[in-house]
Amino acid sequence: MAASHYSYSMSTRTQMVVFLATYHFSLQYLTVFCFEYQLGGDIGWVVPPPNDTKIYNDWASENRFELGDTVRMLDHSEAFYFISGVSGHHEKGQRMIITVMLEDQDSSSSSSSSSSPSGGGSNSVLVKQRK
């Protein structure tokens, strides 16, 4: 009886080793891919020329965005204003100001004054840019 118990045990161990090896090697093919986009491509985030005001809509339609992707645009020190494009949402507070500062700039001066251009209150986020 001892011999059959031993062979059963070895068979189970072999199956477990094969399963774990297969599982381990299959994980390398299940990698999640995310992509980082630079807003506007080579142009970046600038005021569009008068004859090409749809450059950002055109840029967005040329790319395929998926969950987990990042759109990078805060590449210099400045205040950036974001509002919702849905009718009525801006008036209900769906807007924010993000102030990007260099590390050595004083954060107290810009974080204390945050009001929206339309006169209503606004959320403000301070992002420090590393040199």
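Residue numbers here run from 1 along each chain, matching the order of that chain's written sequence. Confidence filtering applies because this is a predicted model: local features only for residues at pLDDT of at least 70, side-chain atom pairs given and counted only at 80 or more, and all residues used for totals across whole chains, interfaces and linings. Hydrogen atoms and water are omitted, and side-chain values are computed over all heavy atoms in the structure.

Draft legend 1. Structural context of the packing of aromatic side chains. Think of it this way: a Phe, Tyr or Trp ring, Trp meaning its six-membered ring, pairs with another when their centres are within 6.5 Å, and the plane angle makes it stacked under 30 degrees, edge-to-face over 60, tilted otherwise. A complete count under the given rule lists five aromatic pairs for this structure. Measuring from centroid to centroid gives 4.9 Å for Trp 45 and Tyr 56, while their planes differ by 50°, and the two rings are tilted. With Trp 45 in the loop between β1 (36-38) and α2 (55-61) and Tyr 56 in helix α2, the pair connects residues that are eleven residues apart, well separated along the chain. Whether a residue is buried, partly exposed or exposed follows from its accessible area with a 1.4 Å probe, protein chains only, as a fraction of its type maximum: under 20%, in between, or over 50%, in that order. Classification of Tyr 56 as buried rests on a relative accessible area of 14%. What links up through ring pairs into an aromatic cluster is the set Phe 35, Tyr 37, Trp 59 and Phe 65. To qualify as a helix, a DSSP run of H or I must reach at least 4 residues; to qualify as a strand, a run of E must reach at least 2; elements of each kind are numbered from the N terminus.

Draft legend 2. Main features of the nonpolar core. Within this scheme, the nonpolar core is defined by two criteria: the residues are buried Ala, Val, Leu, Ile, Met, Phe, Trp, Tyr or Cys, and they are joined through side-chain atoms within 4.5 Å. If you look at the biggest cluster of nonpolar residues, it comprises nine residues: Tyr 37, Leu 39, Ile 55, Tyr 56, Trp 59, Met 73, Phe 80, Ile 98 and Val 100. Elements with a minimum of two residues in this core: α2 and β4 (95-102). The contact criterion used throughout is that any non-hydrogen atoms of two residues lie within 4.5 Å. In contact with Trp 59, other than residues within four places in its own chain, are Tyr 37, Gln 38, Leu 39, Gly 40, Gly 41, Phe 65 and Val 71.

Draft legend 3. Quick peek at the side chain of Gln 38. By the secondary structure assignment, Gln 38 is in strand β1. Side chain to side chain, Gln 38 and Arg 72 meet in a polar contact 2.9 Å long. Excluding anything up to four places from it in sequence, Gln 38 contacts Gly 44, Trp 59, Arg 72, Met 73 and Asp 75. The term polar contact refers here to a pair of N or O atoms within 3.5 Å; inside protein, the definition further demands a hydrogen-donor-capable atom paired with an acceptor-capable atom, and it admits residues adjacent in sequence only when both atoms are side-chain atoms.

Draft legend 4. Representation of the confidence of the model for the protein chain within the structure. A score from 0 to 100, pLDDT tells how confident the predictor is in each residue. When pLDDT is averaged along the protein chain, the result is 74, and 66% of the positions lie at 70 or above. The element-level mean pLDDT for the protein chain is lowest in helix α3 (residues 108-111), coming to 48, with α2 highest at 91. A low-confidence stretch, residues 110-122 (pLDDT under 50), is modelled with 18 contacts involving residues beyond four sequence positions or located in other chains.

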